[in-house]
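Working through the structure, step by step
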Amino acid sequence: MRRLRTLLAAGAMTIAGLTSTALAAGNAPVPPAQTWAHGGVNSFLSFFKGYDYASVQRGFQVYKEVCSSCHAMHLLSYRNLLDVGFTEAEVKAIAAAQEITAGPNDQGEMFTRPGLPADRFKSPFPNAQAAAAANGGKAPPDLSLIVKARAHHEDYIYALLTGYTDAPEGFELSPGSNYNKYFPGNAIAMAQPIYENGVTYTDGTPATIEQQAKDVTNFMAWAAEPKLEERRRVGIMVILFLVFFAGIMYAAKRRLWSEVH
Amino acid sequence: MADTMHAGDGQTRRDFIYLAGAAMGGVGAAAALWPFIHSLNPAADTLALATIEVDLAPIQPGQAIKAMWRGKPVFIRNRTQEEIDTARAVPTAELIDPQPDQARVKEGKDNWLVLVGVCTHLGCIPLGTSSGESKGDFGGWFCPCHGSHYDTSGRIRKGPAPLNLPVPEYAFLTDTRVKIG
Amino acid sequence: MAHAPQSNFENPVVNWIDQRLPIFTMMNKEYGSFPTPRNFNYFWNFGALAMFVLVTMIVSGIFLAMHYTNNTAMAFDSVERIMRDVNWGWMIRYIHANGASMFFIVVYIHIFRGIYYGSYKAPRELIWIFGVIILLLMMGTAFMGYVLPWGQMSFWGATVITNLFSAIPVVGESIVTLLWGGFSVDNPTLNRFFALHYLLPFVLLAVVVLHVAALHIAGSNNPLGIEPKGPQDTLPFHPYYTTKDIFGLTIFLIFFASFVFFAPNMLGHPDNYIPADPLVTPAHIVPEWYFLPFYAILRSITFSIGLPFTDVVLIDAKLGGVLAMFGSIAILFVLPWLDNSPVRSARFRPIFRWWVLLCLVPSFFMLGYAGGKPAEQPYVLIGQLGTVMYFAFFLLLPIIGRIEKPLPLPASIANPVLGGNAATAK
């Protein structure tokens with residue numbers, strides 16, 4: 001009987017491990033693990049960790065000034081930025097800086113207006129075809145969920161952003177592609193996006209490549225899993241309640257069955 | 001003797017454990033229910049659209065427009081002086097839902113009447129906003145569903161509706177721009 | 001006229017209702033005083049757990065359906081709206097997504113229990129058959145539910161699995177077109193999958209009612225596999241097993257909640273956070289983990305079966321794989337007749353016991369492992385070995401039943417005179 005139980009426990013763990021082992025990424029090396037303030041969107045043992053919001057705000061700046069010229073984040077609204085510490089006035093200003101197409105008006109014509117906090121992030125291209133046409137035939141992926149949509153999550157994004165090197169001897173790089181150590185196949189269409197001091201941080205943080213990569217990854221992690229902190233907070237309360245409940249039920253069961261045995 | 005004492009103790013402790021178990025189960029079930037109920041309340045994107053801004057510049061005196069606000073029409077009417085005077089000439093006591101016209105507009109902006117365009121009877125949309133529609137017996141709005149007549153202040157004057165057309169919360173941002181909600 | 005009202009409840013309202021429709025008498029008979037073997041171990045908790053998960057899935061599913069948009073252009077974004085904007089939407093969705101995995105974990109253990117303790121044997125064959133039908137309905141429901149978020153794995157999983165039917169000779173292609181409602185997996189497919197995903201759980205619930213009704217005719221099996229001989233062998237279901245079931249439920253909920261709140265995407269695939277793209281196939285298409293063993297069986301048939309010494313192909317590899325996969329479920333239906341041993345519990349069956357633990361259980365894990373790996377060596381070989389072991393387990397049962405010398409059975413549940421060591425092991 002005891003052997004059976006051990007077997008079952010082992011089985012459950014194998015099952016849990018199966019999907020993660022199923023994700024061995026092509027020929028690219030496994031991205032090195034980084035330290036994240038929130039522990040990672042898929043990290044199990046990060047019960048009390050939350051996002052580094054200063055970094056998330058800087059990451060938004062990197063996204064806005066660098067990434068957003070090609071990559072959409074259409075699942076986010078400007079109002080969401082309130083959750084990472086931007087003030088209402090800042091969010092209004094960020095939104096209003098964008099020309100949003102609206103309409104049709106009473107004459108049946110589309111018109112543009114300044115963005116509102118309720119608007120979704122403005123996409124750089126009107127549709128996927130336009131995005132592909134402007135980028136050598138392949139549309140740059142939307143970044144709203146990118147951290148959850150790649151194996152190794154934050155670590156992979158960070159490794160990719162910092163993984164641009166010269167192609168090794170003998171590597172055939174087709175025109176229009178760039179060598180990246182961590183991209184599956186190593187030939188990536190995106191040119192190195194982040195450079196030393198490519199942005200000037202408003203909070204005075206030195207804008208090294210590593211710093212920018214870390215910040216923008218933090219921003220995209222938050223964008224992919226905005227409810228992470230609420231999830232963990234509720235989870236702790238639920239588990240504590242259940243453990244206590246289980247203890248009481250165990251006592252009740254023991255008490256009741258003691259007459260039977 | 002000792003045995004009976006023991007049994008008595010056991011009885012209380014068991015009762016307490018069962019009671020505690022049942023209580024925790026009840027609390028847990030109730031707490032688990034709340035997220036599901038609350039998920040039916042307006043979501044964050046819906047709440048974000050709970051205010052709108054409307055440009056009043058194109059509305060000529062005597063004209064009215066409809067704007068969509070929280071899924072309902074809002075009537076915005078640029079009233080003529082004559083319409084204002086008619087509304088204010090009526091003794092308040094004669095009204096079904098007594099309310100002076102002054103209480104239904106912003107001071108200094110007496111020509112602008114902003115109303116939620118939903119009949120207070122059973123929720124139809126009254127006619128009278130677009131030109132050519134029947135404005136009813138009192139020059140305001142007329143609800144075709146059950147024949148309620150509203151005056152130039154949007155107050156109920158005749159028919160089954162019990163209340164005046166409600167005035168939403170709104171504020172003038174500039175002379176020609178109003179924020180509703 | 002035939003029945004004199006016999007209700008005797010304290011509450012007059014309950015009494016009034018019960019005299020006219022004796023539901024309270026029935027509830028008391030089936031879940032109150034119902035005589036249940038006194039020697040259940042914790043494996044007997046899993047039926048109640050499965051029922052709990054089913055109800056959880058139906059409730060969370062109904063609330064999700066109130067926010068979900070069933071259109072290829074909007075489905076993905078509507079799921080993300082649930083995750084971001086709907087109050088508690090993230091939790092309801094994570095409960096539903098992980099609930100599917102929990103359902104399969106619970107049911108696979110429940111099935112193992114049934115096999116190990118011979119619960120499928122007379123007079124409980126029909127209970128077992130209803131159970132296999134429930135498993136099939138679960139699989140269909142889970143598969144269609146996984147399509148609804150319209151991510152890359154949703155789309156390509158749907159494409160690959162519906163294409164299985166093209167293996168059927170002559171009419172295969174027409175059947176696939178019929179399933180799709182078009183020439184590829186598209187909006188009509190998504191619409192009908194949603195309709196069926198909403199419907200099937202209620203069909204499943206109806207079969208569960210039959211499963212439980214049949215159980216309450218024969219009564220539960222127990223770890224000794226011998227029938228209760230009298231009141232000394234049984235306990236009333238309430239409060240003994242209600243309390244034990246609720247205790248088991250709390251432990252299970254801790255496990256479930258750990259996934260929902262701390263690792264909600266661990267059992268999912270990252271690619272399903274990419275919107276469906278009919279022009280790009282993911283590098284490895286893998287089904288959800290609970291389908292991996294069956295997926296491995298499908299891929300194990302890498303060869304055609306022909307007439308020996310000729311070039312005539314009777315069954316090509318594609319059809320062979322499909323047949324093997326469906327056969328792996330179909331064979332469960334005849335399990336009560338393949339196993340001809342008069343003894344139920346593996347405790348008293350020295351060969352069968354190890355046959356389950358060293359053949360069936362490892363084959364399932366080997367298949368699950370191979371199913372999650374790309375179709376290359378050595379994974380194909382592991383899958384093929386697993387497939388052989390899986391089918392061998394069932395097909396050799398008649399021989400085992402014949403050659404095996406069962407241990408002596410105890411006289412009764414309460415008084416295990418013979419084979420005492422087995423009965424004391426709790």
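As named in an unreviewed UniProt entry, chain C is Cytochrome b, taken from Niveispirillum lacus. The UniProt entry for chain C carries this comment under Sequence similarities (unreviewed entry): "Belongs to the cytochrome b family." Taken directly from UniProt, the Subcellular location (unreviewed entry) text for chain C runs: "Membrane".

With an unreviewed UniProt entry as reference, chain A is termed Cytochrome c1, source organism Niveispirillum lacus. Reading the Subcellular location (unreviewed entry) entry of the UniProt record for chain A gives the comment "Membrane".

Following the UniProt record, the feature "domain: Cytochrome c" (unreviewed entry) maps to residues 54–224 of chain A here. Note that residues 54–224 of chain A is 31% helix and 7% strand, and that its end C-alpha atoms are spaced 17 Å apart.

This part takes up the domain arrangement of chain C. All names here are of chain C. Here chain C is described as being made up of domain 1 (40–224 + 235–285) and domain 2 (289–414). Each of domain 1 and domain 2 was reduced to a C-alpha centroid, and the two centroids are 23 Å apart. Counting residues at the interface gives 40 residues for domain 1 and 37 residues for domain 2. Of all residues in domain 1, the largest losses of buried area upon contact with domain 2 belong to Tyr116, Lys121 and Leu224, amounting jointly to 21% of the total for that side. Counting across the interface, domain 1 meets domain 2 through one salt bridge. Note that Lys121 and Asp339 form a salt bridge whose closest N and O atoms lie 3.1 Å from each other. Our count for the domain 1 to domain 2 interface comes out at 13 residue pairs in polar contact (both at pLDDT 80 or more). At the level of secondary structure, the elements contributing two or more residues to the side of domain 1 that touches domain 2 comprise helix 5 (89–116) and helix 6 (125–147). With 10 residues, the single largest contributor to the side of domain 1 that touches domain 2 is helix 6. Here the residues of the side of domain 1 that touches domain 2 are counted per class, giving 29 nonpolar, eight polar and three charged.

Residues and elements named next belong to chain B. With antiparallel pairing, the three strands of this open sheet are ordered in space as 2-3-4. The open sheet is flanked by strand 2 (64–69) and strand 4 (112–116), the only strands paired with a single partner. On average, each strand axis in the sheet is inclined to that of its neighbour by 20°, with strand direction left out of account. Here strand 2 runs beside strand 3 (residues 72–78); their pairing, made up of six bridges, is antiparallel. Residue pairing across strands places Ala67 opposite Val74, the latter belonging to strand 3.

Let's shift gears to the interface of chain A and chain C. Listed per partner, the contact involves 55 residues of chain A and 60 residues of chain C. Of the roughly 5200 Å² buried at the junction of chain A and chain C (both faces included), carbon and sulfur atoms supply 72%. For the pair chain A and chain C, the interface holds one salt bridge. A salt bridge links A:Arg79 to C:Asp85, with the nearest nitrogen and oxygen atoms 3.1 Å apart. Between chain A and chain C we count 12 residue pairs in polar contact (both at pLDDT 80 or more) in total. With 18 residues, helix 7 (residues 228–258) of chain A is the largest single contributor of residues to the side of chain A that touches chain C. Of the residues contributing to the side of chain A that touches chain C, the split by class is 34 nonpolar, nine polar and 12 charged.

Each value, and the rule that gives it
Residues numbered from 1 in each chain as written. Chains lettered and ligands numbered in written order. Predicted model: local features only at pLDDT ≥ 70, side-chain atom pairs only at ≥ 80, totals over all residues. Heavy atoms only, no water. UniProt positions renumbered as here; feature names shortened; annotations may be inferred. Helix = DSSP H or I, 4+ residues; strand = E, 2+ residues; numbered from the N terminus. Domains from an automatic or database assignment. Contact = heavy atoms within 4.5 Å. Buried area = accessible area lost by both parts, 1.4 Å probe. Salt bridge = Lys/Arg side-chain N within 4 Å of Asp/Glu carboxyl O. Polar contact = N/O pair within 3.5 Å; in protein donor to acceptor, adjacent residues only side chain to side chain. Nonpolar A, V, L, I, M, F, W, Y, C, P; charged D, E, K, R; others polar. Pairing = 2+ DSSP bridges. Axes fitted to C-alpha atoms, helices over the stretch in contact; angles between N-to-C directions.

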